[in-house]
Amino acid sequence: MTSMVPNAAHDEPSEPVLPPITMVGPDFPFPYDDFLAHPAGIGQIPATEHGAEVAVIGGGLSGIIAAYELMKMGLKPVVYEADKIGGRLRTVGFEGCDPSLTAEMGAMRFPPSSTALQYYIDLAGLETKPFPNPLAPDTPSTVVDLKGESHYAKTIDDLPPVYREVADAWNACLEEGADFSDMNRALRERDVPRIREIWAKLVEKLDNQTFYGFLCESEAFKSFRHREIFGQVGFGTGGWDTDFPNSILEILRVVYTEADDHHRGIVGGSQQLPERLWAREPQKIVHWAPGTSLSSLHGGDPRPAVTRLHRTAGNGITVTDATGDIRTYKAAVFTAQSWMLLSKIACDDSLFPIDHWTAMERTHYMESSKLFVPVDRPFWLDKDEETGRDVMSMTLTDRMTRGTYLLDDGPGKPAVICLSYTWCDDSLKWLPLSANERLEVMLKSLGEIYPKVDIRKHIIGNPVTVSWENEPYFMGAFKANLPGHYRYQRRLFTHFMQDRLPEDKRGLFLAGDDISWTAGWAEGAVQTALNAVWGVMHQFGGETDPTNPGPGDRYDELAPVELPED
């Protein structure tokens, strides 16, 4: 999220220039990008296991990547998907409009620090372009509208001095409370001992602390006014007050790895990524004939929704789908949101150890909503005759819309407005309203900010909307740990190391961004998919090349901090 309030790392350039920051995060600093790029590949299985079926439950990014890599090893992934390939990489069009007009209902912006994700974006032949976040270099202008007062800006220096004070307070808060510069340098240099040393102290110190409590304890944020502005405008793409009840550790993972900065969008829509991997024919593939793809292995379509999971004799994982078809597998990868295991899918208690069930039950998901409309052209670039300013801007406000984003492919072409992007309580306010009812409230709010602009006359199609908490196969946008949840997250993330589990609890591997340490980021979906692939490979008696050890091979060296439970 391009910073409304600049990241501390950008204030003082380091000498000499350090390597770029990546999402090789503090909890498990494994270099997934190097692992993927290594010419030796990411592992192999014995020839006697070639063609063996592995269930992959969920056709989002994590599931498709897991299936793609398992196929390359010579296994036969069987993908189950309740809806469409893509998961929360969901790109939709507008009925009756130019098909080039699309709306990103889920993930729409990706930081360059997502280097494992970028590997697959490049593999799929996709392009990215800068995303128009507030005050980003490619954003023509930004309006911050708080308490009925609007400020027009192209850079933060165009805003009143209090915004710079808030920026400085955040930088100071990170330095004094979270060793920001030291961790930033260690992550850039991939100095594993130093990363682990800094993070171990912070996990122990801050596990029970909220984001808001962290701010309040800082001398830099003793002013309520500063905390209020920071919450409504944030250091990212909008008001982060919705994150205030969450664990500060969640926030530190984001800012340490610059997941909140320099965002780019995928040209043509993010859903293309899993769709292209589904259809892709790998050049290097074991066992399967050249020209094999996930699509060809499935006859074009994945299996339907899973309705039941249970263990059967010989520690098999038995999967029942919506057609009543029952199949048993030696291994399965579950990539859907873990709450699905509590309600939508009938499960036996024996699938997981009890402490893993507890971790899933305690998982906290954030709500999120969006509403988009197609418009005839990027009219917001018109100039106001009196002021010379853009007639409308990327907008951050405390009104119901909260965040409004302006998306176009150039002057004269149809364009799209994300009228509202909201989280948590702000999202729940929209939940009972239809798309058209939402539209009316949003146009009223924006009309108060831009009284001279008739947005309605430019709209050329019906709005499209989503509330992720109301999506039956998601039940929320993404996981966000609350204070005290570190131990739960550690159990879920480390589940792929199944030699540590009782024999009758092995074979079913968890993956997906909510299993990762960076939920809500596609990079977390990629990383946990690769962990699960390593786990399945290991279960089938496979191994990685000695020159390219995998996440499980280096686990003891990199294992997340373990807090006492007694």
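Starting from 1, residues in each chain are numbered consecutively following that chain's sequence as written. Restriction of local features to residues with pLDDT of at least 70 applies here, the model being predicted, together with a cutoff of 80 or more for giving and counting side-chain atom pairs; totals for whole chains, interfaces and linings are based on all residues. The side-chain numbers reported here are obtained from all heavy atoms of the structure, hydrogens and water having been left aside.

Take a probe with the size of a water molecule and roll it over the atoms, and the empty space left behind shows itself. Cavities and pockets are defined on a 1 Å grid built over the protein atoms alone: a cavity is a set of grid points where a 1.4 Å probe fits but cannot escape, while a pocket is an open set with protein on both sides within 12 Å along at least five of seven lines, and lining residues are those with an atom within 4 Å of any such point. Grid points are joined across faces, edges and corners, and a volume is the space filled by probe spheres set on the points. Here the structure, examined in full by the defined rule, presents 4 cavities of 30 Å³ or more. Put simply, the largest cavity is a space of about 100 Å³. In terms of lining residues, the largest cavity is bounded by Met 23, Gly 25, Pro 26, Asp 27, Phe 28, Arg 253, Phe 493, Ser 516, Trp 517, Thr 518 and Gln 527. Residues were grouped as follows: Ala, Val, Leu, Ile, Met, Phe, Trp, Tyr, Cys and Pro as nonpolar; Asp, Glu, Lys and Arg as charged; and all remaining residues, including Gly, as polar. Of the residues assigned to the lining of the largest cavity, the class counts are 5 nonpolar, 4 polar and 2 charged.

Quick look at the packing of aromatic side chains now. Whether two aromatic rings pair depends on their centres lying within 6.5 Å, for rings of Phe, Tyr and Trp, where Trp uses its six-membered ring; planes under 30 degrees apart make the pair stacked, over 60 edge-to-face, and the rest tilted. Inspection of the entire model under this criterion finds 29 aromatic pairs. Measuring from ring centre to ring centre gives 4.8 Å for Phe 30 and Tyr 32, while their planes differ by 75°; the resulting arrangement is edge-to-face. There is no split in this pair, since Phe 30 and Tyr 32 are both buried. Ring-pair connections join several aromatic residues into one group, and the members of that group are Phe 28, Phe 30, Tyr 32, Phe 35, Tyr 486, Phe 493, Phe 496, Trp 517, Trp 534 and Tyr 555. In this scheme, the term charge over a ring applies when either NZ of a lysine or CZ of an arginine sits within 6 Å of the ring centre and within 35 degrees of the ring normal. The positively charged end of Lys 370 is found above the aromatic ring belonging to Tyr 421, 4.6 Å away from the centroid. Exposure is judged per residue with a 1.4 Å probe applied to protein chains only, and the accessible area is read against the type maximum: over 50% gives exposed, under 20% gives buried, and values in between give partly exposed.

Moving on to unusual backbone geometry. Positive phi, normally seen in glycine, also occurs at Arg 402, with a value near 65°. Within the element layout of this structure, Arg 402 appears in the loop between β16 (394-397) and β17 (403-407). With a relative accessible area of 11%, Arg 402 lands in the buried category. Unusually for a residue other than glycine, Cys 424 sits at a positive phi of about 50°. Strands are runs of DSSP state E lasting at least 2 residues, helices are runs of H or I lasting at least 4, and numbering of each runs from the N terminus.

So, about the sheet that holds strand β9 (residues 306-312). The rule for pairing is simple: two strands pair if DSSP sees at least two bridges between them. One open sheet accounts for 4 strands, arranged β11-β10-β9-β13; its pairing is mixed. One side of each edge strand has no neighbouring strand; the edge strands of this open sheet are β11 (326-329) and β13 (346-347). Bridge analysis of β9 against strand β10 (residues 316-321) gives 6 bridges, and the strand direction is antiparallel. In the strand pairing of β10, Leu 309 is matched with Val 319.

For Thr 318, the location among the structural elements is in strand β10. Separated by 2.8 Å, the side chains of Thr 318 and Thr 328 make a polar contact. Sequence-distant contacts of Thr 318, defined by excluding residues within four places in its chain, comprise Arg 308, Leu 309, His 310, Thr 312, Ile 326, Arg 327 and Thr 328. Under the rule applied, a polar contact is a pair of N or O atoms within 3.5 Å (in protein, one hydrogen donor and one hydrogen acceptor; residues adjacent in sequence only if both atoms are side-chain atoms). We call two residues in contact when some of their heavy atoms are within 4.5 Å.

Here we come to the sheet that holds strand β15 (residues 368-375). Judged by pairing direction, the sheet is mixed, and its 7 strands sit side by side in the order β7-β6-β16-β17-β18-β15-β19 without closing on themselves. Because the sheet does not close on itself, it has two edges, and the strands there are β7 (149-153) and β19 (464-467). Strand-to-strand twist in this sheet, taken as the mean axis angle between neighbours without regard to direction, amounts to 15°. In this analysis, axes come from line fits to C-alpha atoms, helices being fitted only over the stretch in contact, and the angle between any two N-to-C directions falls in the range 0 to 180 degrees. Sitting on the sheet, helix α14 (residues 435-449) touches β6 (142-146), β7, β15, β16, β17, β18 (415-423) and β19, and the angle it makes with β15 is about 80°.

Another aspect to go through is the pattern of salt bridges. Salt bridge, as used here: a side-chain nitrogen of Lys or Arg that lies within 4 Å of a carboxyl oxygen of Asp or Glu. What the rule picks out here adds up to 39 salt bridges. Lys 452 is the partner of Asp 384 in a salt bridge, and the nearest nitrogen-oxygen pair spans 3.0 Å. In this pair, Asp 384 is assigned in the loop between β15 and β16 and Lys 452 in the loop between α14 and β19, connecting sequence segments 68 residues apart. Using a relative accessible area of 58% as the deciding quantity, one classes Lys 452 as exposed. Linked by salt bridges that have partners in common, Asp 27, Glu 250, Arg 253 and Lys 479 make up one network.

This next bit is on the packing of helix α2 (residues 61-72) against helix α16 (residues 522-539). Each pair of packed helices can be described by the angle between their axes along with the distance between the axes. Running from N to C, α2 and α16 point in directions that differ by 35°, and their axes come no closer than 8 Å. Pair α2 / α16 crosses with right-handed handedness. Across the interface between the two elements, Leu 61, Ser 62, Ile 65, Ala 66, Glu 69 and Leu 70 of α2 pack against Ala 522, Ala 525, Val 526, Thr 528, Ala 529, Leu 530, Val 533 and Val 536 of α16. Here the contact of α2 with α16 is composed, by residue class, of 11 nonpolar, 2 polar and 1 charged. Left-handed describes a crossing whose near helix is turned anticlockwise from the far helix by less than a right angle; the clockwise case is right-handed.

The quantity known as pLDDT measures the predictor's confidence residue by residue, on a range of 0 to 100. For the protein chain, per-residue confidence averages 94 on the pLDDT scale, and residues scoring 70 or more make up 96% of the total. Of the regions scoring below 50 in pLDDT, residues 1-10 engages in 59 contacts with residues more than four places distant in sequence or in other chains.

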